[in-house]
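Below are the chains, spelled out letter by letter.
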Amino acid sequence: MIYFTSSFIAAGILTFFTRASPAFIWLAYLLWLSIVLGIFNFVNFVLIFFRRKKNYELKLVGQSPNLRVAAFITSYNEDPEIVKGTIRSVIAAVDGRGDVYLLDDSTDPDKKLYEFCRENNVRYIHRTKRRGYKAGAINDALKEIEDKYDLVAIFDADQRPTEDFFDVVLPQFKDERVGFVQIPQNYTELRTRISMGSKYQQEPFIKVIMEGRDRVSAFSLGSGTVFRISALKRAGYLYEKSITEDAATSVKIHELGYTSKYIDRQLIWYGEPPAYASSYFTQQSRWSLGTFQMLRELLSSNLSFGAFYDYISGWFYWMETGPLTLVQLLGPIMFLALRVPIIEINPTLYLLFYFPYVLFSFSSYIAIMRRQEYGLKGFLYHQFIEYLEVMPVTASFFAWIMRRKVPFKVTPKGRIAGSARVLVFHLTFLALLCISIVLGINWVLSPAPIIIKEAVAVNVAWAIYHAFFMAGGAYIALNSREFEHNPYTHSVRAQTNVKSKLGILRKVKLL
C-alpha cells in the first residue's frame, strides 16, 4: 500500500514546488504523476530483467505425473473452420491423458461443428444463458465434470497447442505448490501492420516481464493456461466479476500461497492478433479495464511484497499508457498553442536532470531487448501501436471511474472497416501537435527572453516526439492492406506434423 501511494505523494510534492498556473494545477500534478509512474515502471522492468537472469529456468522434472486433463476450448461466434483446426491440435496434444471439451457460447451455434465434435469424441457444451461470459462457461463446465480430472487446460479458439505441449507442462505439476502453468500466446497469423505491431508489443512482456515474474507473480493469460483444479476450486473458481478473469483469478491463487510457472516456449503454434485498429481497440480496452477493476482487490490482498509490486506495476502501466499519455500530449499543446504555463521550472535544470534519465532508460531498454527478435523495427512498431491505444485505454479508465458496466467483447477476427472513423481523436491530437510545433517554432524565432525560448524549445521537442509516434500509429492503422505473404518466418506450425514427444524431451536441454 505504501508503494502504491508513494508515487502519488511524490507527484504532489513536485507539483507543490513547481506549480505555475493555479487554474491548471491539476494538469501539473498529472504531468508529474506521468513522470513518476514512468520511472516506477522503468525500475520495475529493470528489476524484473535481473530477476529473470538470476532465477528463470525450465527444468524437466522427470516423467510426467499421472494426472488426468480436461482440455477446454472456448468459443464465442468464432469461424467454425478455425475452431476445427484447434480441436484437432488439442486432441493430438492430449493424446489419451484426458478428454477434450468445446465450450461453445455462440449465439447461433453451428450444427456442423457439433457433428464434428461428436465424430471426434469431443464433449460439446452449449449454454443458453451466458452468465459470467467466458469465466462462467469454464466454471459451469468444471462443476459439471465434478472430480474426474486433476488439471484443466484452457485454449482460445485460435490458440493451438503443439503435440508436445503436455510433455513439457505436466512435469511442472510434480511440485504441489504450482497452482497453474502458463504458456505464452504465439501470434503467427500476421496479416496487417496492426498485426505486426501487436506481436512486437507483446515481445517485452512475454520475453522479459513474464519470465521475470516466474514463480512469483506470472499470471494466467486466459489461453494456454493449465490450472490445478484443486487450486482453482480453493480460489472460488474463475473470478466472474472482471472482464479479465484470468488475471483476477491469478491474484486469488497467489494469495493462497501457490506459485505459478511460466514456460517461454513456442508450445502454441497458431494465433491471430488483432488485424485492424477497431479490433485492436476492443482488445486493449478489455485488457486495460480488467486491470483497472483489479485495484481494490490488489490493495486489500495479502500478496507477498514481490507479487504485489509486480501486479501494481501492471496497473501503473495501463495508467501511464492511457490517461497519463493523454496528459503528456496536452502539456505541450497548452503551452505552445495557448501559451498557458503548466509547470514552472528552469529549463536548463530540467534538461540536466530529466533528459539523462530519458537517455539512460531508453538505452537500458534497447540493451535488454537486443537479444530478442525485436530490433529497431520492433521498437518503432511497438511505440506506434502504443500511441494508438491511448484513447481506448483512457476511455476504459473513465468507464472504471464512473463504474459503467461494459459488456464483454471478444477480439473480432477478419476484416473490419472504418479505421479512419475510430481514429478521429487520434488524428485530432496529431493535428493539434503539428499546429503547436509550428506555433512553437515561430515563438522561438520571435523576440523573447532566452529562458522563455528554452522552455519553448523543450516543449517543441516533446511535441515533435509525440507527433512522430502518433503519425506512425496513424500510418499503420490506415494502411490496412493485408500482406501478400505472412512476414512471420519463425512459425512452429511444422512441429505439429512430427510426432516428437519423447524424442524432443531426450534431445533438447531446456535452460
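Attention in this report is confined to the structure presented alongside it. The shown structure was predicted, so the numbers you read here are calculated from the model rather than taken from an experiment. (Residues numbered from 1 in each chain as written. Predicted model: local features only at pLDDT ≥ 70, side-chain atom pairs only at ≥ 80, totals over all residues. Heavy atoms only, no water.)

**Here's the deal with the packing of aromatic side chains**
Thinking step 1. All chains considered together, the criterion is met by 52 aromatic pairs.
Thinking step 2. Relative to tyrosine 309, the ring of tyrosine 3 lies with its centre 4.9 Å away and its plane at 55°, an arrangement referred to as tilted. Placement of the pair is tyrosine 3 in helix α1 (residues 2–18) and tyrosine 309 in helix α12 (residues 305–338), with a sequence separation of 306 residues. Each of the two residues, tyrosine 3 as well as tyrosine 309, counts as buried.
Thinking step 3. Seen from their ring centres, tryptophan 269 and tyrosine 270 are 6.0 Å apart, and the 80° between their planes marks the pair as edge-to-face. (Phe/Tyr/Trp six-rings, centres within 6.5 Å; stacked < 30°, edge-to-face > 60°. Helix = DSSP H or I, 4+ residues; strand = E, 2+ residues; numbered from the N terminus. Buried < 20%, exposed > 50% of the residue type's maximum accessible area, 1.4 Å probe, protein only.)

**Re the sheet that holds strand β1 (residues 69–75)**
Thinking step 1. Spatially, seven strands are ordered β3-β2-β1-β4-β6-β5-β7 in an open sheet, and the strand pairing comes out mixed. Each end of this open sheet is capped by a strand with a single partner; those strands are β3 (123–126) and β7 (259–262). The sheet shows a mean angle of 20° between the axes of neighbouring strands, direction not considered. (Pairing = 2+ DSSP bridges. Axes fitted to C-alpha atoms, helices over the stretch in contact; angles between N-to-C directions.)

**A few points about the packing of α12 against helix α15 (residues 390–401)**
A pair of packed helices is characterised by two quantities: the angle between their axes and the separation of those axes.
Thinking step 1. Viewed as axis vectors pointing N to C, α12 and α15 meet at an angle of 110°, and their least axial separation amounts to 8 Å. Between α12 and α15, the angle falls in the class roughly perpendicular. The residues of α15 that touch α12, namely those facing Trp315, Trp318, Met319, Thr321, Gly322, Pro323, Thr325 and Leu326, are Val390, Met391, Val393, Thr394, Phe397 and Trp400.
Thinking step 2. Residue composition of the contact of α12 with α15, grouped by class: ten nonpolar, four polar and no charged. (Parallel < 35°, antiparallel > 145°, perpendicular 65-115°, else oblique. Contact = heavy atoms within 4.5 Å. Nonpolar A, V, L, I, M, F, W, Y, C, P; charged D, E, K, R; others polar.)

**As for the nonpolar core**
Thinking step 1. Among the nonpolar cores identified, the biggest contains 85 residues, and Leu298, Ile312, Trp315 and Leu388 are the most heavily contacted of them.
Thinking step 2. It is α12 that contributes the most residues to this core, 15 residues altogether.
Thinking step 3. Once residues within four sequence positions are removed from consideration, tryptophan 315 is found in contact with Phe4, Phe8, Thr291, Phe292, Leu295 and Trp400. (Core = buried A, V, L, I, M, F, W, Y, C linked by side-chain atoms within 4.5 Å.)

**With respect to the side chain of arginine 97**
Thinking step 1. Among the structural elements, arginine 97 can be located in the loop between α3 (80–94) and β2 (98–104).
Thinking step 2. According to the relative accessible area criterion, arginine 97 is buried, its value standing at 18%.
Thinking step 3. Polar side-chain contacts of arginine 97 include one of 2.6 Å to the side chain of aspartate 167. (Polar contact = N/O pair within 3.5 Å; in protein donor to acceptor, adjacent residues only side chain to side chain.)

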